[in-house]
Every structure is written in C-alpha cells, then in structure tokens.
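Remarks on the overall topology
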Amino acid sequence: MSWFSLKLIALILMFGEHFVAFFPNTFSPEINTVIMYLGRIVAAIFFFLAVEWYHKTSSKIRYLIRLFSWAWIMFVWDYWVTMLTWAVVWRDIPPLWNNIFLSIAMWVSMIWSIDATKKFWKIDKIKSTFFGILTFIIICASAFTEASIYGILMFLVFYFSYWNKKVLAIAYSILCIFVFWLESGAPQEYAILYMNIQWAMILALPLMLLYNWQRGKYRLKYLFYLFYPLHLWILYFLSEFYK
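Within every chain, residues take consecutive numbers counted from 1 along the sequence as written. With pLDDT at 70 or above as the cut-off, local features in this predicted model cover only qualifying residues; side-chain atom pairs require 80 or more to be listed or tallied, and sums for whole chains, interfaces and linings still use all residues. Only hydrogens and water are set aside; all other atoms, that is, all heavy atoms of the structure, feed into the side-chain values.

Attention now moves to the overall build of the chain. The helix and strand labels rest on DSSP assignments: H or I over at least four residues marks a helix, E over at least two residues marks a strand, and numbering proceeds from the N terminus. A tally of regular secondary structure across the chain gives ten helices and zero strands. N-terminal to C-terminal, the α/β element order of the chain is α-α-α-α-α-α-α-α-α-α. Radius of gyration means the value over C-alpha atoms here, while the globule rule gives 2.2 Å times the residue count to the 0.38 power. For 243 residues, the compact-globule estimate of 2.2 N^0.38 gives 18 Å, and the C-alpha radius of gyration of the chain, at 19 Å, lies within 12% of that figure. Per-residue accessibility, obtained with a 1.4 Å probe over protein chains only, is compared with the maximum for each type, and a residue is labelled buried under 20%, exposed over 50%, and partly exposed between these values. Every one of the 243 residues in the chain was classed for burial, and the buried ones make up 47%. Only the protein chains shown count as covering a residue, and every accessible area follows the Shrake-Rupley method with a 1.4 Å probe. With an accessible surface of roughly 13300 Å², the chain has 73% of that area assigned to carbon and sulfur atoms. With 19 positive and 11 negative side-chain charges, the chain shows a separation of 18 Å between the mean positions of the two kinds. All tallies of charge rest on Lys and Arg as positive and Asp and Glu as negative; His and the ends of each chain are not included. A charge is said to be at NZ when it belongs to Lys, at CZ for Arg, at CG for Asp and at CD for Glu.

This is the structure we're talking about:
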C-alpha cells in the first residue's frame, strides 16, 4: 500500500468522522459508532506519514516552515470562519478550534530536535544538552495542542520504529493497550465501547504494516493541506446554519 493510498483512506475516514461529529442525527447511533471507530485510524495514519515525510523530504526546514505556515493559516481562518458563521446565524456558537497542523508541526520539531541531540552527543555536549532541553520544552508545549499526549506518544513510536515494522507492531500495540487501560476507568458503564474509544486506533496498525514505502502513482502534495481546513470550515458553517 503506497503513501498516496494511505493518505486517501485517512482523508475519507476523516471526512466521515467529522461529518457525524457536526451532524450527529443524520445516521443511526450504531452507524455513528462504526464511523467513529474507523475515525480513530485517521490521526495515527497522518502522524505515521508525517514521520515518513520527515525522513524522506529534501529539506526538513522547508517542511517545518510549511507545517507552521499552515498552522497559522488555520488559526487565523478558524477565527474568521467562526465570526462569519456567528454573523450569519446571529446567536452564540462554539468556536472552531481544530488545528492538527500545529500538533504535527510541533512534533516534527520534536523529532528534529531529538535528531540534533543524538547528532551532537559525542562531539558537542553543550549543543546536545541544549537540544535535549528544547525537546523537553516542545513535548510539554505540544501536550496542549489538539492531539494532546496520545499524539506525542504515537509520534515517538513511529519515530523510533521507523523502517522496522516488527518494532512498530510491538510498540504500537503496547501503546494501544496502555490507552485502553487508561480509558477503561471511566465511571459510565460500557464507556470504553462507545465513548472512550481512542484505543481503537489499533485498527490503523494493519494499514501501516501494509505500507510499501512508495509514494504511489499520484502525489497531490497539497491535498491534505487544502482538504483538511476546507472541509472543516464548510461542515462547521453548515452545521450551525441548519440548527
């Protein structure tokens, strides 16, 4: 399975997950639950591919600049789309705050800093210590972004298991079991099956193991960068307009 195929699957499932989030009464609760389960695959695949692109890009600096630029664009336009929607519907509405670009940008910065720490470890302890501290700061700061601590742990798993599918399968499975254990303590009966379902990200593992390290026939480099914000802004506006 190619890079493009993985990304296309993630985009389709992401749209489905966001659609039922904005329009929860469109389908039956059972169908919504199935779509939400499949949606747990999305973040894992995008993080997996972000680490892959980090290792293969010709310029990590340009990659980081692009990520942070889109994070800023998303931040600004989330605000303006919220204001536009408020002006149209003329009532109190929840703000739109989604910005996975910022999370990915922070974590790519994190693994870049980890690489620098390892690079300077034997030749310059001062620089190595600096980047080690920088890594810690980035981890702490990124915990407050959209994907939170789970995203950080996924990114670290993908980074340290890069190009080793056996390690990936073991480490990612352990992470999913850990998440299941954390979420199983909810007081609501059966919450682990219909509310706290982040552990269902384990469904992404077979797809990642099928990845063939090839880009695929089509690149469409900016497909995700455009589709992610546009579909969110449209769904957000329509959901508030038709309430």
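From this point, the narrative continues.
Bringing the nonpolar core into the picture now. The biggest cluster of nonpolar side chains holds 76 residues, and the ones touching the most others in it are F47, M110, F155, F158 and Y172. Sorting the residues of this core by element identifies α1 (3–22), α2 (29–56), α3 (60–89), α4 (100–120), α6 (148–160), α7 (165–183), α9 (205–209) and α10 (223–241) as the ones contributing at least two each. Contacts: residue pairs with any heavy atoms within 4.5 Å of one another. Those residues within four positions of Y172 in sequence are excluded, and the remaining contacts are A44, M154, V157, F158, M201, I202, A204, L205 and M208. Buried residues of nine kinds, namely Ala, Val, Leu, Ile, Met, Phe, Trp, Tyr and Cys, make up a nonpolar core once their side-chain atoms join them within 4.5 Å.

Below, the discussion takes up unusual backbone geometry. Peptide bonds are mostly trans, and most non-glycine residues show a negative phi. Phi is positive for W163, close to 70°, though the residue is something other than glycine. Note that W163 resides in the loop between α6 and α7. Positioned with a positive phi, W213 is a non-glycine residue whose angle comes to about 70°. Within the fold, W213 resides in the loop between α9 and α10. A relative accessible area of 17% places W213 in the buried class.

Take α6 next. Three or four residues apart is the spacing at which side chains of an α-helix point the same way, because the helix has 3.6 residues per turn. Across its 13 residues, α6 extends 19 Å between first and last C-alpha, which sits within 8% of the 18 Å expected from 1.5 Å per residue. Listing the buried residues of α6 in full gives Y150, G151, I152, M154, F155, L156, V157, F158 and Y159. Buried-residue contacts for α6 involve α2, α4, α5 (125–142), α7 and α9. Between the first and last residue of a helix there are one fewer steps than residues, each counted as 1.5 Å, and that sum is the expected span.

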